[in-house]
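Architecture at a glance
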Amino acid sequence: MTASGQTGVTLGLERIVWFLAHVLPSDPRDKLRVVHVAGTNGKGSVCALVSEALTAAGYNVGTFNSPHFLEPYDAVRIQNTAIPATEYTHLQSWIRTLDSTQTDKLSIFEQTTVLALWWFAQSDVDVAVVEVGMGGLRDATNVFSSVRNGIGSLVQCICPVDEDHLGMIGNNIEEIALEKSGIMRPGSWIVVANQERSEAFHKIRQEAHRTSPGRIINVRRQPTTDIHVPNFVIDSSDVPGHVRASSELPSWATFKGTGKRCLRVKYPPSPETYLKSTKPKEPQSKQPTKSKTEVDLPLELPGYYQAGNASVAFYALDVLRTHYGFTRLTDSAIQVGFQNVRWPGRLSWLNIAHRALIPGASDARSESPNDT
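This text gives an overview of the structure that appears in the document. (Residues numbered from 1 in each chain as written. Predicted model: local features only at pLDDT ≥ 70, side-chain atom pairs only at ≥ 80, totals over all residues. Heavy atoms only, no water.)

Brief notes about the pattern of salt bridges
Oppositely charged side chains can pair when the atoms bearing their charge come close. Condition: Salt bridge criterion: a side-chain nitrogen from Lys or Arg within 4 Å of a carboxyl oxygen from Asp or Glu. Counting from the N terminus, the helices are the DSSP runs of H or I reaching at least four residues and the strands are the DSSP runs of E reaching at least two. Only protein chains enter the accessibility calculation, which uses a 1.4 Å probe; a residue is then buried when its area is under 20% of its type maximum, exposed when over 50%, and partly exposed in between.
For the coordinates displayed, the defined rule picks out 15 salt bridges. As a salt-bridge pair, Arg15 and Glu110 come within 2.9 Å of each other at their nearest N and O atoms. Note that Arg15 is positioned in helix α1 (residues 14-23) and Glu110 in helix α4 (residues 108-122), a separation of 95 residues in sequence. In this pair, the class of Arg15 matches that of Glu110, namely buried. Residue Lys260 pairs with Glu300 through a salt bridge whose shortest N-O separation is 2.6 Å. Within this pair, whereas Lys260 is found in strand β10 (residues 260-267), its partner Glu300 is found in the loop between β11 (293-298) and α7 (306-323), the two being separated by 40 residues in sequence. Residue Lys260 is classed as buried on the basis of its relative accessible area, which comes to 7%. Take Glu300: its relative accessible area is 3%, and that puts it in the buried class. One network of salt bridges, in which partners are shared, links Asp162, Glu163, Arg197 and Glu199.

If you want it as structure tokens, here you go:
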């Protein structure tokens, strides 16, 4: 995006950082705790899973996705409810008026990012779950600092990386992986998804070690395939959020009636989970002393790859409860959130005249149902 109201892409942070820090009445970043999600495939699903689990646990959650689904305002949500269209229009007009006084105008996406962050801060969200728009390092969402006094980018998730936006964020897979790794912050926790492209994995690992050694969770070493669990039940007695009824669940959530489609994960992460670094490690907080625990996570979203997305989301949530005081994130709350999740417009079955599978992802790997 270039000048206000015009299309085109100009990556960079100078305009939006100046606007947040010097043009707005106050900087919304000073109030926000953030889960930041980058990658080529799975970003939206991971954001949806993390947001639903936090909501089920009773937290006030802001979510910002890119691109929007049907209308621009539906990309900006609190408790999975989009900002009212009238409020979106009002804030958009206000931001554009402020921007009209600036020499270097915000792009449309930068305006929307400012709008989302301002609304979240004014609404006193407990946490903001933010999806990168394009790339990472120079993306308009990459404006958060390392954690200071509990504020900033708490966790960065790097979902599977492939050759998207070639020539814009990189000319090969290594350059693209480097660009997406640009959201990493020193001292924060980094969750790295299983990467099918080894070149991407090695570049992400290198950047993770350089940025925040000793605080890296490698999902490559964790289960990322689904299983069926007979007689699956969630004990939701201590969960504030609503539980989606079994009768509302989609057909792909079971294995032909033989059990619930789940991902079985273990936590806390074992020492082998952390990527070995050749550099000296910085002092790190102690790992939890609790014994190893298994939890079955219901998989409601279609596509074989959703088990991998669920694994990334779970370990990001486990970091929040273990290291940042989100103690209401019990296993049951996470299960309820994962059962409640919906992510329309990506890979969806629609009953029109005939049953139709509608792919809406930007990458072919994200559109393959495989097991649905």
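Back to the write-up after that little detour.
Re the packing of α7 against helix α8 (residues 331-340)
Rules: The axes are straight lines fitted to the C-alpha atoms, using for helices just the contacting stretch, and the angles between their N-to-C directions are given from 0 to 180°. Should the near helix be turned anticlockwise from the far one by less than a right angle, the crossing is left-handed, and should it be turned clockwise, the crossing is right-handed. Two residues qualify as a contact provided that any one of their heavy atoms is within 4.5 Å of a heavy atom in the partner residue. Gly falls in the polar group here, along with every residue not listed as nonpolar (Ala, Val, Leu, Ile, Met, Phe, Trp, Tyr, Cys, Pro) or charged (Asp, Glu, Lys, Arg).
Where α7 meets α8, the axes come as close as 12 Å, and the angle between the chain directions of the two elements is 145 degrees. Note on packing geometry: the crossing formed by α7 with α8 is right-handed. When α7 is examined against α8, the residues Ala310, Ala313, Phe314, Leu317 and Arg321 are found in contact with a partner set consisting of Asp331, Ile334 and Phe338. Residue composition of the contact of α7 with α8, grouped by class: six nonpolar, no polar and two charged.

A few points about unusual backbone geometry
Residue Asp124 is not a glycine yet carries a positive backbone phi of 55 degrees. Here Asp124 shows up in the loop between α4 and β5 (127-131). Even without being glycine, Asn149 reaches a positive phi, approximately 55 degrees. Mapped onto the fold, Asn149 is located in the loop between β5 and β6 (152-158). By relative accessible area, Asn149 is classed as exposed at 80%.

A few points about the packing of helix α2 (residues 43-56) against α8
Packed helices, taken two at a time, are described by their axes: the angle between them and the distance between them. Rules: An angle counts as roughly parallel when it lies under 35 degrees, as roughly antiparallel when it exceeds 145, as roughly perpendicular when it falls between 65 and 115, and as oblique in every other case.
Contact pair α2 / α8: the axes reach a minimum separation of 7 Å and the direction vectors enclose 130 degrees. It follows from the interaxial angle that α2 and α8 lie oblique. At the point where α2 passes α8, the crossing takes the right-handed sense. Contacts from Leu49, Glu52, Ala53 and Ala56 of α2 reach α8 at Ala333, Ile334, Val336, Gly337, Phe338 and Asn340. Considering only residue class, the contact of α2 with α8 consists of seven nonpolar, two polar and one charged.

Description of the sheet that holds strand β1 (residues 33-38)
Adjacent strands of a sheet pair through backbone hydrogen bonds, lying either parallel or antiparallel. Here is the rule: Should DSSP find at least two bridges between two strands, the strands are regarded as paired.
What the eight strands build is an open sheet, ordered β4-β3-β2-β5-β1-β6-β7-β8; its pairing is mixed. With one partner strand each, in any of the chains shown, β4 (81-82) and β8 (216-218) form the two edges of the open sheet. Pairing analysis gives four bridges linking strand β2 (residues 61-64) to β5, with the strands arranged parallel. Its bridge partner being in β5, Thr63 is matched across the sheet by Val129. Helix-sheet contacts for α7 involve β1, β6, β7 (189-192) and β8, and the interaxial angle to β6 is about 155 degrees.

All we've got here are geometric facts, nothing functional implied.
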